[in-house]
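What the coordinates show
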Amino acid sequence: MAKVVLRNVYKKYEPSRGGITAVSDFNLSIEDREFLVLLGPSGCGKTTTLRMVAGLEDISAGEIYIGDKLVNDVQPKDRDIAMVFQNYALYPHMSVFDNMAFGLKLRRTPKDEIKRRVHEAARILEIEHLLDRKPKALSGGQQQRVALGRAIVREPKVFLMDEPLSNLDAKLRGQMRVELTKLHQRLATTFIFVTHDQVEAMTMGTRIVCMKLGFIQQVDSPQAMYENPANMYVAGFIGTPQMNFIDGVVIEDGKDAYLKIGNSKIKMPENRAKKIIGQGYDGKEVVVGLRPEHLHDEQMYIDSMPGAVVDANVEVTELLGPEALVYCTIEGTNMIARVNPRTKARPGDVIKIALDTARLHVFDKDTENAMFVD
C-alpha cells in the first residue's frame, strides 16, 4: 500500500521553442487506499498527470513520491504500480492466462506463484472459466476484466487507470463502475482513475480532482464538489443536466440582499445575504447558479417561497419515468428544471417556478469564482 504525493509538478512540451504547458503547479497528496479520480475534458492534463505518476512521461519540474520514495528518475517497472489503459492492450495470440501472467514471467516469478496469483485474480474478477480463451473470443467487458486481472496479479502499491470504461456500452459501463468499486474495497489499494465522465467520478471516487487546462480547479469529495463548487467551471462540469446559469444584479437593502434577475427580484436567505453584504457587490452584476432539481413547479413550493417565484415559458418537457425535465426560458435565459413526472407543464405554457434560494449559488462575473462556499 502507498501514499502518492505530487509537489509543484509541471509538464511542458518542447520548452526550447516556448513550449506548451500541459500541467501547471500540480500539488496533491493522495492517501493510502484512496480512490482518487482525475476529472476533466480532453486536453485538461489528467492523462498526462497519470502518465507522469507511472513514469511514462518525464516531469519538467517538481517531485513525485510513491510511498516515501522519490520516483522522478525511477523507471516505470520499478515504481511498483500497475496501469490499465483505455484500449486494454491485450496480446491477441495469448490466452487469458498468459496475458495475465506475462508481466510476472518477465520478472521471473516462480511458476507456482504465477499460477496462484492468476487464479486468485481470475476468481476475484469472475473470469476463471475464460482463462483458456484468446482475447478475440471475449466481449468488451470480459477484455476489460482481463486487463484489470493483469494489473491485480502484480500486487502493486498503486493502480493507475486511464479511462478504462470508455469503450464499453452504457449498460456495461454502469455494471463495471460497481465492480471497480467492489474491487477497490476488496484489494484495499490506492486507485488513481482518469475520466471525462462526471458520473464515473461521482459514483466511484472518494475524492475528485477537477482539472482545466492543466490546472487544478477543485479537490473535494463528490458530494461536496456537487453542493459547493468553487467556480463556474466546476459547477457546470459536475451534474447532469448541468447547473443553470443566469445573469443577475446584487441589491443590498440594510440587512437584506436581493438578486435582480431581469424584471424579477429574488430575496436571498439571511445566511446568504450576510455573506454577500459588505463585499462591495451592491449594484454589481453577478452570475446566479441553480441546479435543475432546485427549480420547482409544484404548488406547495410556490406557496412556501413567495419571494422567489418567477414566470417560465415552457419549450420542451421530457418525461423520464421517475422524473421530468422541463426546458424553459426564464427572463430570456434557457433553463432546465428537474420536476415531478406528474407535472402538467407542456410546450407553450407559461408556468410559475419557485427557486430554492437556500441552494442558490452566486459567482463573481469577472473571476467566475463562487462568492460563498459552505
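Counting starts from 1 at the beginning of each chain's written sequence and moves along it residue by residue. Only residues with pLDDT of at least 70 get local features here, since the model is predicted, and only at 80 or more are side-chain atom pairs given and counted; chain-wide, interface and lining totals rely on the full set of residues. Hydrogens and water are ignored here; the side-chain numbers use all heavy atoms of the structure.

Time to look at the overall build of the protein chain. Tallying secondary structure elements over the protein chain gives ten helices and 20 strands in all. Seen along its three principal axes, the alpha-carbon backbone of the protein chain occupies a region of about 75 × 50 × 35 Å. In the protein chain, which comprises 374 residues, the proportion classed as buried is 50%. Using the Shrake-Rupley algorithm and a 1.4 Å probe, accessible areas are obtained, with residue cover drawn only from the displayed protein chains. Summing over all exposed atoms, the protein chain offers an accessible surface of approximately 18000 Å²; the carbon and sulfur share of this is 48%. Computed over 49 positive and 50 negative side-chain charges, the inter-centroid distance for the protein chain is 7 Å. Only DSSP runs of H or I with at least four residues qualify as helices, and only runs of E with at least two residues qualify as strands; both kinds are numbered from the N terminus onward. Relative accessibility decides the category of a residue: with a 1.4 Å probe and only protein chains considered, values under 20% of the type maximum give buried, values over 50% give exposed, and everything between is partly exposed. His is not counted, nor are the chain ends, whereas Lys and Arg count as positive and Asp and Glu as negative. Charged groups are reduced to one reference atom each: NZ for lysine, CZ for arginine, CG for aspartic acid, CD for glutamic acid.

Attention now goes to the nonpolar core. Residues belong to one nonpolar core when they are buried, are Ala, Val, Leu, Ile, Met, Phe, Trp, Tyr or Cys, and are joined through side-chain atoms within 4.5 Å. Formed by 47 residues in total, the largest nonpolar core has its most connected members in M100, L148, M161, L180, L183 and F193. Looking at which element gives the most residues to this core, the answer is helix α3 (residues 111-125), with six residues. Apart from the residues lying within four places of it in its own chain, the contact partners of M100 are V118, A121, A122, I127, L131, V146, G149, R150 and V153. Of all hydrophobic cores here, the second largest spans 36 residues; its members include I351, A354, M371 and F372. By definition, residues are in contact when any of their heavy atoms lie within 4.5 Å.

The next subject is helix α5 (residues 170-187). In this scheme, a helix's expected span is set at 1.5 Å multiplied by one less than its residue total. The end-to-end C-alpha separation of α5 is 26 Å, in line with the 26 Å expected for 18 residues at 1.5 Å each. Buried residues of α5: L172, G174, M176, R177, L180, L183 and H184, and no others. For α5, the elements touching its buried residues are β3 (35-39), α3, α4 (140-152), β7 (158-162), β8 (190-195) and α6 (198-204). The N-capping residue of α5, defined by a side-chain oxygen 3.2 Å from the backbone nitrogen of K171, is D169. The positive-phi residue at the C-terminal boundary of α5 is A188, with phi of around 50°. Think of a polar contact as two N or O atoms within 3.5 Å of one another; within protein, one of them needs to be a possible hydrogen donor and the other a possible acceptor, and neighboring residues in sequence only count if both atoms come from side chains.

Let us look at the sheet that holds β3. Spatially, the six strands line up as an open sheet ordered β6-β7-β8-β3-β9-β10, and their pairing is mixed. Each of the sheet's edge strands pairs with one partner strand only, and the pair in question is β6 (81-84) and β10 (215-220). On average, each strand axis in the sheet is tilted by 15° relative to the strand beside it, whichever way the strands run. By the convention used here, strands pair only if DSSP detects at least 2 bridges between them. Here β3 runs beside strand β9 (residues 207-212); their pairing, made up of four bridges, is parallel. Each bridged residue has a counterpart across the sheet, and for L36 the counterpart in β9 is R207. Across the face of the sheet, α5 comes into contact with β3, β7 and β8 while running at roughly 160° to β8. Axes here mean lines fitted to C-alpha atoms, for a helix over just the part in contact, with angles spanning 0 to 180 degrees between N-to-C directions.

The term disulfide is used for any two cysteine sulfur atoms that are within 2.5 Å. Taken as a whole and judged by the stated rule, the model has zero disulfides. Free of any disulfide, C44 has its nearest cysteine sulfur in C210, 7.8 Å distant.

Any carboxyl oxygen of Asp or Glu within 4 Å of a side-chain nitrogen of Lys or Arg constitutes a salt bridge here. This model, assessed by the stated rule, comprises 19 salt bridges. In this structure, R7 engages E63 in a salt bridge whose closest nitrogen and oxygen atoms are separated by 4.0 Å. You can see R7 sitting in strand β1 (residues 4-13) and its partner E63 sitting in strand β4 (residues 61-66), a full 56 residues away along the chain. Here R117 makes a salt bridge to E113, at a shortest N to O gap of 3.0 Å. With a gap of four residues between them, R117 and E113 both fall in helix α3, about one helical turn apart.

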